[in-house]
Amino acid sequence: MLLRFEGLLNKIFGNDLNPFYYLGALGFYFFWIMVISGAYTYAFYETGKEVSYASVEYLTHEQWYFGGIMRSLHRYAADALVLVMLLHLLREFILGRYRGARWFAWVTGVLLIWLIITSGINGYWMVWDTLAQYSAVATLEWFDWLPIFDEPMSRNFVSNDALNDRFFSLISFAHATFPLFVLFFLWIHILHISYPVVNPKRALALGMLLALLVLALAVPALSQGQADLGIEPRNIGIDWFYLFIYPLLDIGSAGQVWALVVVLSLVIGALPWLPTRFKQIPVAEVSLKDCSGCTRCVADCPYEAVVMRPRSDGMHFLEEAVVVPDRCVSCGICVGACPSSTPFRSDAGYVSGIEMPSLPMSGLRTEMMNGVAKLEGDVRVMVFGCDNAADIGKLRGKGVAVLSLPCTAMLPPSFIEYVLHEHHVDGVFITGCRENDCYHRMGGLWTEQRLAATREPRLRSRAERERIRQFWASSADFEALSLELESFRSSLAESGDASKRVVDRE
Ligand code: HEM
Ligand code: SF4
Ligand code: SF4
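Residues numbered from 1 in each chain as written. Chains lettered and ligands numbered in written order. Predicted model: local features only at pLDDT ≥ 70, side-chain atom pairs only at ≥ 80, totals over all residues.

A.B. asks: Please provide a residue-by-residue account of the overall build of the chain, values included.
C.D. replies: Of the regular secondary structure elements, the chain holds 17 helices and eight strands. In terms of principal-axis extent, the alpha carbons of the chain reach across some 100 × 50 × 40 Å. A separation threshold of at least 6 residues defines the contact pool for the chain, and within that pool the share at least 24 residues apart is 73%. (Helix = DSSP H or I, 4+ residues; strand = E, 2+ residues; numbered from the N terminus. Contact = placed C-beta atoms within 7 Å.)

Right under this line is the structure:
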């Protein structure tokens, strides 16, 4: 369902601007909008029981044309941040991108959820309207359930006189400090991700800003009447993105809500270690005697899972590659990058500088050759695909051999040259996850660049480009994929090369 929905978005926005491919980046974007709009709002904010509400009202009404818009932008960007964060969480979960080495991003993501929600609740208190009063009193009553404080904290809110201005200094300081923590955790969150996408494409960013501005003008963020601790607030509207906990406190006891929050956080946080349908394969391994220390695997690994260390085996190279197992997601992209991963080697059991133990290069060559040997007919095509995209097994036929890899970018371009030239298939068809949506983040891009000869290892010019086709397709695009393969086979047949090659073969 997710892939079908994203397919629809691709039709509307194009793969390049599909917001679902930029949920993390949009999170960063909304965070920066909040920082800028918040800094402006903060400049006019006055700290104190009597003045806080009035200062926000001044900004909203007297300065509606700028200050009011800034306040609304701050509010709506905060809501949008929660929305994209939850969609990002759901998407990573549905696609299974939370297991193995990805646990680190997952767990830091769970911490971010609570940090951002806490910061948002704190923001609502700054306004000191009836909503703030309701939220502050309910929160402190909720915290009073914990055996931390000698005296109930909510006692400070029994009357207007009991509340002092220190409370406003405190929340105002906290609201300026929280974003620093959020930023720090965001940095940790993407610490082991190479080339993280933290900025959405410009058109998408502008579109989102425009949407927020329209919302800010159409439905400006307003306060809900000044807080008065002498009167119990009623009929208040709540922001469900941040304040969903309070209706729960109305339904259940403080203890039950604590139990719900703690258990839910622990279960979500522990998901990477719970049993699942997603299979884990062993991580990459370096074979030191075949490694020249060229660093290509480091450049191509999407998870910073390969590092270079000083040479330890006395060979004349300066450095050697080392895999950090805790960071490796077993995508095999490093294998596709390594210059020693070539099928043009005479020994049957050869080893590459870096290998996937479940599918070593020599095994890949054997598997490919076994598939090619069974091909029949005039147009013989070798299809390379990805385990996380469309199921290419269903394409196998008399004239079509298939080989699925953990990621398309595990395929060194030399394999394409080898199968085209040495073994006379008529064409090579390469497929993998949808454009801009590689399961292992960089695989699609690296494959395109290697085939276009703009990235090492390059596909050499002797491989005729008209005999190679790339088509990106998810498991929801199988029909389009098989049509594309048929069109490729027809073009090969029409080009006449195929029949000529049959004669050559004979
Ligand atoms: C404000 C909140 C968040 C922001 C701004 C954010 C941002 C990002 C960004 C920019 C990336 C890198 C994306 C890429 O380049 O491919 C990422 C990856 C990731 N995020 Fe978040 N994230 C947030 C919250 C969360 C949450 C709540 C979760 C789940 C609990 C989560 C789970 C993940 C995972 C598992 C990855 C790694 C995906 C992969 O391995 O390719 N994130 N996040
Ligand atoms: S398989 Fe290779 S490229 Fe992929 S994460 Fe592991 S070390 Fe990095
Ligand atoms: S790409 Fe291969 S040869 Fe180069 S450093 Fe990595 S393992 Fe060694």
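Moving on, there is more to tell.
A.B. asks: Tell me about the site of ligand 3, and please be specific about residues and values.
C.D. replies: By nearness alone, 15 residues border ligand 3, and Cys-291, Cys-294, Cys-297, Cys-338 and Gly-353 come closest of all. For the shell around ligand 3, a count of residues per class yields nine nonpolar, five polar and one charged. (Near = placed C-beta within 6 Å. Nonpolar A, V, L, I, M, F, W, Y, C, P; charged D, E, K, R; others polar.)

A.B. asks: Before we move on, could you go through the sheet that holds strand E8 (residues 468–472) and cite the residues and values that matter?
C.D. replies: Spatially, the four strands line up as an open sheet ordered E6-E5-E7-E8, and their pairing is parallel. What marks the edges here is a single partner per strand, and that holds for strand E6 (400–405) and E8. Taking each pair of neighbouring strands and ignoring which way they run, the sheet shows an average axis angle of 20°. Its contacts with the sheet put helix H16 (residues 478–494) on strand E5 (381–386), strand E7 (427–432) and E8, and the angle it makes with E7 is roughly 160°. (Pairing = 2+ DSSP bridges. Axes fitted to C-alpha atoms, helices over the stretch in contact; angles between N-to-C directions.)

A.B. asks: Got a sec to walk through the packing of helix H4 (residues 64–94) against helix H8 (residues 202–218)? Specific residues and values, please.
C.D. replies: Contact pair H4 / H8: the axes reach a minimum separation of 9 Å and the direction vectors enclose 125°. Comparing the axis directions of H4 and H8 gives the class oblique. For H4 against H8, the interelement crossing comes out right-handed. In contact with Ile-69, Ser-72, Leu-73, Tyr-76, Ala-77 and Ala-80 of H4, H8 contributes Leu-212, Leu-215 and Ala-216. Taken together, the residues of the contact of H4 with H8 break down into eight nonpolar, one polar and no charged. (Parallel < 35°, antiparallel > 145°, perpendicular 65-115°, else oblique. Left-handed = near helix turned anticlockwise from the far one by under 90°.)

A.B. asks: How would you sum up the site of ligand 2? Please name residues and give values.
C.D. replies: Around ligand 2, a shell composed of 14 residues is seen, among which Cys-301, Ala-305, Cys-328, Cys-331 and Cys-334 lie nearest. Here the shell around ligand 2 is built from residues that sort into twelve nonpolar, two polar and no charged.

A.B. asks: A description of the nonpolar core should follow, citing residues and the corresponding values.
C.D. replies: One finds Cys-297, Ile-333, Cys-334, Val-335, Val-381, Met-382 and Val-383 to be the most contacted residues of the largest nonpolar core, which totals 62 residues. Every residue in contact with Ile-333, bar those within four places of it in the chain, is listed here: Asp-300, Cys-301, Pro-302, Cys-407, Ala-409, Met-410, His-440, Met-442, Gly-443 and Trp-446. (Core = buried A, V, L, I, M, F, W, Y, C linked by C-beta atoms within 7 Å. Buried ≥ 20, exposed ≤ 12 C-beta atoms within 10 Å, placed from the backbone.)

A.B. asks: Before we move on, could you go through the packing of helix H3 (residues 52–62) against H4 and cite the residues and values that matter?
C.D. replies: To describe two helices that pack against each other, one gives the angle between their axes and the distance between the axes. Viewed as axis vectors pointing N to C, H3 and H4 meet at an angle of 120°, and their least axial separation amounts to 6 Å. In terms of their interaxial angle, H3 and H4 are classed as oblique. On the side of H3, the interface is formed by Leu-59, Thr-60 and His-61, while H4 contributes Trp-64, Gly-67, Gly-68 and Arg-71. Classifying every residue of the contact of H3 with H4 gives two nonpolar, four polar and one charged.

A.B. asks: Any chance you could break down the domain arrangement of the chain for me, citing the residues and the numbers?
C.D. replies: Domain boundaries in the chain define domain 1 (15–273) and domain 2 (285–505). Measuring from the centre of the C-alpha atoms in domain 1 to the corresponding centre in domain 2 gives 45 Å. Across the contact, twelve residues belong to domain 1 and 15 residues belong to domain 2. For the side of domain 1 that touches domain 2, the class distribution of residues is five nonpolar, five polar and two charged. (Domains from an automatic or database assignment.)

A.B. asks: Which residues make up the pairing of E7, and what are the values?
C.D. replies: Burial within E7 is extensive, with six of its six residues counted as buried. Residues of E7 alternate between two faces, with Gly-427, Phe-429 and Thr-431 on one and Val-428, Ile-430 and Gly-432 on the opposite face, all of them buried. Two elements, E5 and E7, share four bridges in a ladder whose sense is parallel. Across the sheet, Val-381 pairs through a bridge with Gly-427, a residue of E7. Pairing analysis gives five bridges linking E7 to E8, with the strands arranged parallel. Its bridge partner lying in E8, Phe-429 is registered against Arg-469. Crossover connection from E7 via helix H15 (residues 443–451) to parallel E8: handedness right-handed. (Right-handed = clockwise from strand over helix to strand, strands pointing away.)

A.B. asks: Please set out unusual backbone geometry residue by residue, giving values where relevant.
C.D. replies: In this model, Glu-456 is joined to Pro-457 through a cis peptide bond whose omega is -10°. Within the secondary structure, Pro-457 sits in the loop between H15 and E8. At Tyr-195, a residue that is not glycine, the phi angle is positive and equals roughly 45°. Residue position: Tyr-195 is located in the loop between helix H7 (166–189) and H8. For Tyr-195, a count of 11 C-beta atoms within 10 Å translates into the label exposed. With phi around 75°, Arg-441 is a residue other than glycine that occupies positive phi space.

A.B. asks: Tell me about the environment of Thr-118, and name the residues and values.
C.D. replies: Note that Thr-118 resides in helix H5 (residues 103–126). Spatially, the C-alpha atom of Thr-118 lies 9.6 Å from that of His-175, the residues being 57 residues apart in sequence.

A.B. asks: Help me get a handle on H16, residues and values and all.
C.D. replies: Since there are 3.6 residues in each turn of an α-helix, residues three or four apart along the chain are aligned in direction. Helix length check: H16 (17 residues) gives 24 Å between terminal C-alpha atoms against 24 Å at 1.5 Å per residue, within 8%. Residues Leu-481, Leu-485, Phe-488, Arg-489 and Leu-492 constitute the buried set of H16. Mapping the buried residues of H16 onto a view down its axis gives an arc of 95°, with all of them on the same face. Along H16, the residues that are exposed and aim more than 90 degrees away from the buried face are Glu-479, Leu-483, Glu-486, Ser-487, Ser-490 and Glu-494. (Expected span 1.5 Å × (residues − 1). Arc of directions from axis to C-beta.)

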